[in-house]
Amino acid sequence: GAGVSQTPSNKVTEKGKYVELRCDPISGHTALYWYRQSLGQGPEFLIYFQGTGAADDSGLPNDRFFAVRPEGSVSTLKIQRTERGDSAVYLCASSSYPASGGGNEQFFGPGTRLTVL
Amino acid sequence: AQSVTQLGSHVSVSEGALVLLRCNYSSSVPPYLFWYVQYPNQGLQLLLKYTSAATLVKGINGFEAEFKKSETSFHLTKPSAHMSDAAEYFCAVRHTGTASKLTFGTGTRLQVTL
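Just so we're clear, the structure is a prediction, and the values are computed from it rather than from any experiment.

1. Digging into the sheet that holds strand 8 (residues 73–78) of chain B
Two strands in a sheet stick together by hydrogen bonds in their backbones, pointing the same way (parallel) or opposite ways (antiparallel).
All names here are of chain B.
So, step 1. Read across the open sheet, the 5 strands follow the order 1-3-8-7-6; overall the sheet is antiparallel. Of all the strands in the sheet, just strand 1 (3–7) and strand 6 (56–58) have a single pairing partner and so form its edges. Here the strands of the sheet are splayed against their neighbours by 20° on average, with no regard to which way each runs.
So, step 2. Judged from the 5 bridges that link them, strand 1 and strand 3 (residues 19–26) form a sheet pairing that is antiparallel. Across the sheet, Gln6 pairs through a bridge with Cys23, a residue of strand 3.

This is the structure in structure tokens:
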């Protein structure tokens, strides 16, 4: 079956603009995660959805960042008033729920490379 | 809070040589540990995971890792490196609670030379 897909693959925007990044999880996966990976770093957690609700948004850096998952499938990460420091690869992952043996695998998409000029 | 530390941001080995990528964890409770691989311009792919069932975990592509509680380590090994193993490798710990977030290390870039 299809894996996690993310669109666009690349996004270039200007400082101060608004951007939306989309994630299509694996069909049937109820858990969805967003991570941000800066150059030379490991992915950093942003937000986790269980179904339609955000179960943990402790990783969102500030109120310019917001994410939704209105129907419990596709999710959109929204960034307002973008700053150059927002430039990174934004990764989406999904997993089945509940965890099987505590180690349910998160399946990652290829990411969206965001560049803020 | 759980965390992982990867020692060595770059590791270079010859083709056919042993691969050893180091990961140490910090956790107040028994952790769930993972190794992911990332090829250029691709998403992360799970290599293997430790979920307390067995201390020696075998993964894909000939990789394995051993959980050592006394050393708080979960090092990744492969007996014989192949050119196709060149990639970025990330160790990660999963926080307690069902289906919760991963905390990743900073990654180790593996270079394989002829």
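On we go from here.
2. A closer look at the nonpolar core
So, step 1. Ranked by internal contacts, the top residues of the largest apolar core, which has 27 residues, are Trp35, Leu48, Phe74, Leu76 and Tyr89 of chain B.
So, step 2. For this core, the secondary-structure elements that each account for two or more residues are strand 2 (10–14), strand 3, strand 4 (32–38), strand 5 (44–50), strand 7 (64–68), strand 8, strand 9 (87–94) and strand 11 (108–113) of chain B.
So, step 3. Leave out the neighbours within four places in its chain, and Leu76 of chain B touches Val19, Leu20, Leu21, Trp35, Leu47, Leu48, Phe63, Glu64, Ala65 and Tyr89 of chain B.
So, step 4. Listed in part, the 20 residues of the second largest apolar core include Val19, Leu32, Trp34 and Leu114 of chain A.

3. Considerations on the sheet that holds strand 3 (residues 19–24) of chain A
All names here are of chain A.
So, step 1. Strands sit in the order 1-3-8-7 across an open sheet of 4 strands; the sheet is antiparallel. Each edge of the sheet is formed by a strand with only one pairing partner; in this case those strands are strand 1 (5–7) and strand 7 (65–68). Looking at each pair of strands side by side, their axes are set apart by 15° on average, direction ignored.
So, step 2. Pairing between strand 1 and strand 3: 3 bridges, direction antiparallel. Paired with Gln6 across the strands is Cys23, a residue of strand 3.

4. Focus on the interface of chain B and chain A
So, step 1. Across the contact, 21 residues belong to chain B and 25 residues belong to chain A.
So, step 2. Interface area, chain B with chain A, both sides summed: about 1700 Å², of which 54% is carbon and sulfur.
So, step 3. In this structure, Asp56 of chain A engages Lys101 of chain B in a salt bridge whose closest nitrogen and oxygen atoms are separated by 3.9 Å.
So, step 4. Where chain B packs against chain A, one counts 4 residue pairs in polar contact (both at pLDDT 80 or more).
So, step 5. Looking at the side of chain B that touches chain A, the element that brings in the most residues is strand 4 of chain B, giving 4 residues.
So, step 6. Looking at side-chain class alone, the side of chain B that touches chain A contains 9 nonpolar, 9 polar and 3 charged residues.

Definitions and cut-offs
- Residues numbered from 1 in each chain as written.
- Chains lettered and ligands numbered in written order.
- Predicted model: local features only at pLDDT ≥ 70, side-chain atom pairs only at ≥ 80, totals over all residues.
- Heavy atoms only, no water.
- Pairing = 2+ DSSP bridges.
- Helix = DSSP H or I, 4+ residues; strand = E, 2+ residues; numbered from the N terminus.
- Axes fitted to C-alpha atoms, helices over the stretch in contact; angles between N-to-C directions.
- Core = buried A, V, L, I, M, F, W, Y, C linked by side-chain atoms within 4.5 Å.
- Buried < 20%, exposed > 50% of the residue type's maximum accessible area, 1.4 Å probe, protein only.
- Contact = heavy atoms within 4.5 Å.
- Buried area = accessible area lost by both parts, 1.4 Å probe.
- Salt bridge = Lys/Arg side-chain N within 4 Å of Asp/Glu carboxyl O.
- Polar contact = N/O pair within 3.5 Å; in protein donor to acceptor, adjacent residues only side chain to side chain.
- Nonpolar A, V, L, I, M, F, W, Y, C, P; charged D, E, K, R; others polar.

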